[in-house]
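Observations on the three-dimensional arrangement
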Amino acid sequence: MLIEWLITDSVDDINLNDFVADDESLYGFVRLSVFTPPLGFIPDNSKMDAEGNSNIAYWMETLANVGESIKNKQDCSINLISYNMLNICVKCKNMVEFSLNSISDHKTISVNKIAYGDAIREIIEVLSQFVSYIKKENPSLLKSKRLKNIQNALIELKQ
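What this report covers is the structure whose coordinates are included nearby. Remember, predicted model here, so these are calculated numbers, not experimental data.

About the cut-offs
- Residues numbered from 1 in each chain as written.
- Predicted model: local features only at pLDDT ≥ 70, side-chain atom pairs only at ≥ 80, totals over all residues.
- Heavy atoms only, no water.
- Salt bridge = Lys/Arg side-chain N within 4 Å of Asp/Glu carboxyl O.
- Helix = DSSP H or I, 4+ residues; strand = E, 2+ residues; numbered from the N terminus.
- Buried < 20%, exposed > 50% of the residue type's maximum accessible area, 1.4 Å probe, protein only.
- Pairing = 2+ DSSP bridges.

Here we take up the pattern of salt bridges. Taken as a whole and assessed by the stated rule, the structure comprises five salt bridges. In this structure, arginine 121 engages aspartate 118 in a salt bridge whose closest nitrogen and oxygen atoms are separated by 2.5 Å. Placement of the pair is arginine 121 and aspartate 118 together in helix H3 (residues 116-137), with a separation of three residues, close to one helical turn. What makes arginine 121 exposed here is its relative accessible area of 52%. A salt bridge links lysine 136 to glutamate 137, with the shortest nitrogen-to-oxygen separation between them at 3.3 Å.

So, about the pairing of strand S2 (residues 27-32). As paired strands, strand S1 (residues 3-7) and S2 are joined by five bridges and run antiparallel to one another. Within the sheet, the bridge partner assigned to glutamate 4 lies in S2 and is arginine 31. Bridge count between S2 and strand S4 (residues 54-55): two bridges; the pairing is antiparallel. Within S4, the residue paired with glycine 28 across the bridge is serine 54.

In short, the description is geometric, and any link to function would need to be established separately.
Below, the structure is given as structure tokens:
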């Protein structure tokens, strides 16, 4: 799995207008499992009652954009807003290469190569899980611009 997520916001009681006014944000925890060691943290829900501070909707939108870039065989880069001075470079060659880099000294911290088809399948799986979760918890949120973009990207990736 490239990325794992856990939403800690109470999604079922969010009003669509409030969601849009709050920058279409859903907070929780994220772990980038594409790297060794993984970057981020997801607590064991049964043992910890905590609220995460990662914007899961932002991460899913970013993942959708990365998926579109990979599908089009275009390299891309993501500055990590949660982690100072780090970025992820995605290079599309025979394999999809994910590298975690230090912005300040341009050093590569971790690299992982994944087959093109596997990368697309994993992105589709994560985005599908997210959309299904929102459909179950509060389908009205799927009318927001950000979540429509994620759904549209998912449709494109499946083609």
